[in-house]
Amino acid sequence: MQTTANDDGLSVFETVRPRLFGIAYRMLGSAAEAEDIVQDAWLRWQGTDRSAVADPPAFLATTTTRLAITFAQSARSRRETYIGPWLPEPVDTSGDPRLGAERAEALEFAVLLLLEKLSPTERAAYVLREAFDYSYDQIASILQMEEANVRQLVSRARKHIADGRRTSVSSNEQRRFLEAFIAAAQKGDMTALEGLFAEDVVSYSDGGGLVRAAGVPVSGRKRVATFIAAVSTWCWKGVTLDWVETNGQAAVLILRDGVPFGLTIDASGQGINEIMWFLRPSKLNSVKDSPKRR
């Protein structure tokens, strides 16, 4: 790498920054935490003898991945004490280049939730391979492992994702399901709700102990329909709806007296599998503060 006396490494860092954010976000499920990791990688880059770095993008990807693994190990214990269900932090993907996704893999909420159940190292191997198409040899170098072990990690992660993931409907169908769900929920129409749900549908409400929310996931077609109908009057009274795209999926930003909460779903051929309520306002910072909403 060629450097000058005044070279602070900013230009090369900014070139790869979207990818670094994309790696960290997929591993942690939090835009705020991903930004912290990227900032830490920048500080490490500043403290490095950059003239000795043969491949800056590889160096920065390695630094970011290892920082994210360390952070994920501590985040796991914190999330075990999180009050109520934890959901990934949504990001506005309608025009946000920060995710730097060569492929959309590991962006959908259902996949991010499944990744949370993997070890941080398994998660890293899967993200690097499936979302960013790193070779097994490159991943082995980043993780300081034998290539054969990396292949095993990726294989186990793929199986875990495949076993827990149903084939999603198209983005247009997903939005149609969400629109129909909102219409039925606003009316408290249990029959219509049940008709939209897969038999084992689950509703997650992330309030983080700061906002009134269901303390545990609600599951099963009948129970979820009953729950949605019961909160229909409170939930939808005096609100405005703003359609957004989060994590490549249709979602709704719901505003009541200027306070936002978010809603999206995951749907398959069997109907709506998961309903995700983002009730903690800080979880929506990346959506309400995106350039398109300023």
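Residues numbered from 1 in each chain as written. Predicted model: local features only at pLDDT ≥ 70, side-chain atom pairs only at ≥ 80, totals over all residues. Heavy atoms only, no water.

1. Section: unusual backbone geometry
Even without being a glycine, Asp133 presents a positive backbone phi close to 60 degrees. Position of Asp133 among the secondary structure elements: in the loop between helix H5 (120-131) and helix H6 (136-143). (Helix = DSSP H or I, 4+ residues; strand = E, 2+ residues; numbered from the N terminus.)

2. Thoughts on the layout of surface pockets
What the largest pocket holds in volume is close to 640 Å³. Forming the boundary of the largest pocket are 24 residues, of which Leu113, Leu114, Glu116, Lys117 and Tyr204 lie nearest the centre. Listed by contribution, the elements that provide at least two residues to the lining of the largest pocket are helix H3 (56-80), helix H4 (109-115), strand E1 (197-206) and strand E6 (271-278). Ranked by residues supplied to the lining of the largest pocket, first place goes to H3 with five residues. Here the residues of the lining of the largest pocket sort into ten nonpolar, three polar and eleven charged. (1 Å grid on protein atoms, 1.4 Å probe; cavity = no way out; pocket = protein on both sides within 12 Å on 5 of 7 lines; lining within 4 Å. Points joined across faces, edges and corners; volume = space filled by probe spheres on them. Nonpolar A, V, L, I, M, F, W, Y, C, P; charged D, E, K, R; others polar.)

3. Focus on empty space enclosed by the protein
Enumeration over the complete set of coordinates arrives at one cavity of 30 Å³ or more. In this structure, the largest cavity encloses a volume near 50 Å³. Along its surface, the largest cavity is lined by Pro90, Val244, Thr246, Ala251, Val252, Leu253, Gly262, Leu263, Thr264, Phe278, Leu284 and Val287. Where the lining of the largest cavity is concerned, the elements lending two or more residues are strand E3 (240-246), strand E4 (249-256) and strand E5 (259-268). Residues belonging to the lining of the largest cavity are distributed by class as follows: nine nonpolar, three polar and no charged.

4. Thoughts on the nonpolar core
Within the largest apolar cluster, 50 residues are counted, with the highest numbers of intra-cluster contacts made by Phe13, Tyr25, Met27, Leu115, Tyr134 and Leu143. Those elements giving two or more residues to this core turn out to be helix H1 (10-28), helix H2 (31-46), H3, H4, H5, H6 and helix H7 (147-164). It is H1 that contributes the most residues to this core, ten residues altogether. Excluding its chain neighbours within four sequence positions, the residues that come into contact with Phe13 are Leu20, Val38, Ala41, Trp42, Trp45 and Leu60. By size, the runner-up hydrophobic cluster in this structure holds 29 residues, among which are Leu178, Leu193, Phe261 and Leu263. (Core = buried A, V, L, I, M, F, W, Y, C linked by side-chain atoms within 4.5 Å. Buried < 20%, exposed > 50% of the residue type's maximum accessible area, 1.4 Å probe, protein only. Contact = heavy atoms within 4.5 Å.)

5. Side note on H5
Given 3.6 residues per helical turn, the α-helix brings residues three or four places apart onto the same face. For H5, built from twelve residues, the straight-helix expectation of 16 Å at 1.5 Å per residue is met to within 8% by its first-to-last C-alpha distance of 16 Å. Extensive coverage of H5 is indicated by the burial of ten of its twelve residues. Of the residues making up H5, those classed as buried are Pro120, Glu122, Arg123, Ala124, Ala125, Tyr126, Val127, Leu128, Glu130 and Ala131. Buried residues along H5 sit in contact with H1, H3, H4, H6 and H7. Positive backbone phi, approximately 60 degrees, marks Asp133, located one or two places after H5. (Expected span 1.5 Å × (residues − 1).)

6. Describing the packing of H3 against H6
At their nearest, the axes of H3 and H6 sit 9 Å apart, and the two run at 60 degrees to each other. The angle between H3 and H6 places the two elements in the oblique class. Crossing angle aside, the handedness with which H3 passes H6 is right-handed. Contacts between H3 and H6 pair Thr62, Thr65, Arg66 and Ile69 from the former with Ser141, Ile142 and Leu143 from the latter. The residue inventory of the contact of H3 with H6, partitioned by class, reads three nonpolar, three polar and one charged. (Axes fitted to C-alpha atoms, helices over the stretch in contact; angles between N-to-C directions. Parallel < 35°, antiparallel > 145°, perpendicular 65-115°, else oblique. Left-handed = near helix turned anticlockwise from the far one by under 90°.)

7. Description of the pairing of E5
The side chains of a regular strand alternate, residue by residue, between the two faces of the sheet. With respect to burial, E5 is a largely interior element, nine of its ten residues being buried. Alignment of E4 against E5, held across six bridges, turns out to be antiparallel. Of the residues in E5, the one forming a bridge with Arg256 is Val259. Taken together, E4 and the strand that follows it, E5, pair antiparallel across an intervening segment of two residues, in which Asp257 is found at a positive phi of about 55 degrees. With seven bridges joining them, E5 and E6 adopt antiparallel strand pairing. (Pairing = 2+ DSSP bridges.)

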